[in-house]
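These are the residues of each chain, in order.
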Amino acid sequence: MLVLGIESSCDETGVALFDSNANRLLSQTLHTQMAMHAEYGGVVPELASRDHIKRLVPLTKRCLQDAQKQYNDIDVIAYTKGPGLGGALLAGAAFANALAFSLNKPVIEVHHLEGHLLSPLLSEPEIQFPFIALLVSGGHTQIIAVRGIGNYTLLGESIDDAAGEAFDKTAKLLGLPYPGGAQLSQLAALGQPEKFHFPRPMLHSGDLNMSFSGLKTAVITTVNRLRAQHGFRLPENIRHDLCRAFQDAVIDVLFAKVQSALHQTGISQLVVAGGVSANDALREQLKTLNAQVFFPRLEWCTDNGAMIAFAGAQHLDKAKEAAGFTVAPRWSLCRENDSIQ
Ligand code: KG4
Ligand code: ZN
């Protein structure tokens, strides 16, 4: 079966073609709106929706061309139903359903986080169930026990900001351009450890939940104190050390919680996914766990169409007629009860 995957939940438009018989990705195209939103210091939802509308057709055409396929070769269209920005999701859902309707092909609704969670399997087919998944994206930080496709138990999550969100907010505070997460981690690599110390929130909470919003406040307090001393633009080495201290705090918490999850469940495989899984220091630290650790390829850490096509291919039994659709801006992966019209 040839699965066309469509991703449009936030600021990336992704399209991909996955051959489920050969278990092979044939082609993928991606457009990131990063530069457009950078001007505003964050994602502007209305601009995001409009840009998805503009990009979907050309990206799909190029994806088909690259795989040397025609529209009629597509067997089923998988698209992100949620969670994400309502308007952005609607753009992808409307396109996917209209195309499926015109081709008389079915659609599959995909949960964006399931796309992330399964993305390491695209390049590492040897991963076996069960595994613990650490999902660290801009919108979510969750630890999930994955016992099979669709069998997801939430073990713990951030009770406030997601790890990626904390990276982005701290980066903004330090004057880095949007989206700052990746840049902050580059500067952290130049910083000295232990020059500053930020709290490890909920490290000893006794459960697998996390909290990152207090960390941001701790950084603000320290930055304000340093600015009073050094002026608004802090010396480079101090900025690097701040980045390092912030990143070390986030990584320590993620590492400890994942270590407990592995210990508590007796599961010995870990899959790390979502935008923050691109972080080198996090990868290195998690590799020291007493577990087999898998990461997506860098190109599949952040939002993309390949993970949606792949997740869709795991749910071919859920293919349904393209006749009316809903999106689910808020949608729990482990409880499917809050989709909205
Ligand atoms: O999964 P993703 O593309 O979008 C969501 O579904 O949310 O993740 C984007 C997030 C952003 O917060 C971005 O700053 C963060 O991933 N990110 C990183 C790195 N690369 C991307 N955070 C830390 N270190 C990185 N290298
Ligand atoms: Zn994502």
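Residues numbered from 1 in each chain as written. Chains lettered and ligands numbered in written order. Predicted model: local features only at pLDDT ≥ 70, side-chain atom pairs only at ≥ 80, totals over all residues. Heavy atoms only, no water.

(A) Layout of the sheet that holds strand 10 (residues 292–294). A sheet is described by the order of its strands in space; here five strands give the open sequence 8-7-6-9-10, paired in mixed fashion. On the outer flanks of this sheet lie strand 8 (151–157) and strand 10, each paired with one strand and no other. For this sheet the average axis-to-axis angle between neighbouring strands, irrespective of direction, equals 25°. Strand direction decides the pairing type here: strand 6 (residues 131–136) and strand 7 (residues 141–148), joined by six bridges, are antiparallel. By the bridge assignment, Leu 135 is partnered in strand 7 with Gln 142. (Pairing = 2+ DSSP bridges. Helix = DSSP H or I, 4+ residues; strand = E, 2+ residues; numbered from the N terminus. Axes fitted to C-alpha atoms, helices over the stretch in contact; angles between N-to-C directions.)

(B) Just the domain arrangement of the protein, in detail. Under the domain assignment used here, the protein contains domain 1 (2–118 + 300–318) and domain 2 (127–295). In this structure, domain 1 and domain 2 have C-alpha centres spaced 27 Å apart. Summing both partners gives a buried area of about 1400 Å² for domain 1 against domain 2, and 75% of it is carried by carbon and sulfur. Inspection of the domain 1/domain 2 interface yields zero salt bridges. Where domain 1 packs against domain 2, one counts four residue pairs in polar contact (both at pLDDT 80 or more). Only helix 1 (34–38) and helix 4 (112–118) provide two or more residues apiece to the side of domain 1 that touches domain 2. (Domains from an automatic or database assignment. Buried area = accessible area lost by both parts, 1.4 Å probe. Salt bridge = Lys/Arg side-chain N within 4 Å of Asp/Glu carboxyl O. Polar contact = N/O pair within 3.5 Å; in protein donor to acceptor, adjacent residues only side chain to side chain.)

(C) Structural context of the pairing of strand 3 (residues 24–32). Here eight bridges tie strand 2 (residues 12–19) to strand 3, and the two strands are oriented antiparallel to one another. Within strand 3, the position partnered with Gly 14 by the bridge is Leu 30.

(D) Fine view of the packing of aromatic side chains. One pass over the structure, following the stated rule, counts three aromatic pairs. Relative to Phe 131, the ring of Phe 129 lies with its centre 5.5 Å away and its plane at 20°, an arrangement referred to as stacked. Since its relative accessible area comes to 33%, Phe 129 is described here as partly exposed. Pairing Phe 167 with Phe 246 gives two aromatic rings, centres 5.1 Å apart and planes at 85°, and the pair type is edge-to-face. With Phe 167 in helix 6 (residues 163–173) and Phe 246 in helix 9 (residues 236–265), this residue pair connects regions lying 79 residues apart in the sequence. Phe 246 matches Phe 167 in its accessibility class, with the two residues each being buried. (Phe/Tyr/Trp six-rings, centres within 6.5 Å; stacked < 30°, edge-to-face > 60°. Buried < 20%, exposed > 50% of the residue type's maximum accessible area, 1.4 Å probe, protein only.)

(E) Representation of the coordination of the zinc ion (ligand 2) within the structure. Around the zinc ion (ligand 2), the protein supplies His 112 (NE2), His 116 (NE2) and Asp 303 (OD) as donor atoms, at distances of 2.0 to 2.1 Å. If you look at the zinc ion (ligand 2), its four donor atoms make angles of 94 to 136° with each other, and the shape they trace is irregular. (Donors = N, O, S within 2.8 Å, 3.2 Å for Na, K, Ca; no water. Tetrahedral: all angles 85-135°; square planar, octahedral: opposite > 155°, others 65-115°.)

(F) Region of interest: the nonpolar core. Counting 48 residues, the largest nonpolar core has Leu 134, Phe 198, Phe 212, Leu 242, Phe 246, Leu 270 and Leu 286 as its most contacted members. Where this core is concerned, the elements lending two or more residues are strand 6, strand 7, helix 6, helix 7 (181–188), helix 8 (213–230), helix 9, strand 9 (269–273) and helix 10 (280–287). When residues in this core are grouped by element, the largest group, 14 residues, is from helix 9. Contacts of Leu 286, omitting those with residues within four sequence positions, involve Leu 134, Phe 255, Leu 270, Val 272, Val 293 and Phe 295. Grouped together as the second largest cluster of nonpolar side chains are 32 residues, Ala 16, Ala 133, Ala 273 and Ala 311 included. (Core = buried A, V, L, I, M, F, W, Y, C linked by side-chain atoms within 4.5 Å. Contact = heavy atoms within 4.5 Å.)

(G) Summary view of the site of ligand 1. Around ligand 1 sit 19 residues, and of these His 116, Gly 138, Asp 168, Gly 275 and Asn 279 come closest. Separating an oxygen atom of ligand 1 from a backbone N or O atom of Gly 181 is a distance of 3.4 Å. Contact distances for ligand 1 include 3.4 Å between a nitrogen atom and a side-chain N or O atom of Ser 185. Here ligand 1 has 560 Å² of accessible area as a free molecule, and 86% of this is covered by the chains. For the shell around ligand 1, the secondary-structure elements that each account for two or more residues are helix 4, helix 6 and helix 7. (Near = heavy atom within 4 Å. Areas by Shrake-Rupley, 256 points an atom, 1.4 Å probe, with all protein chains shown as cover.)

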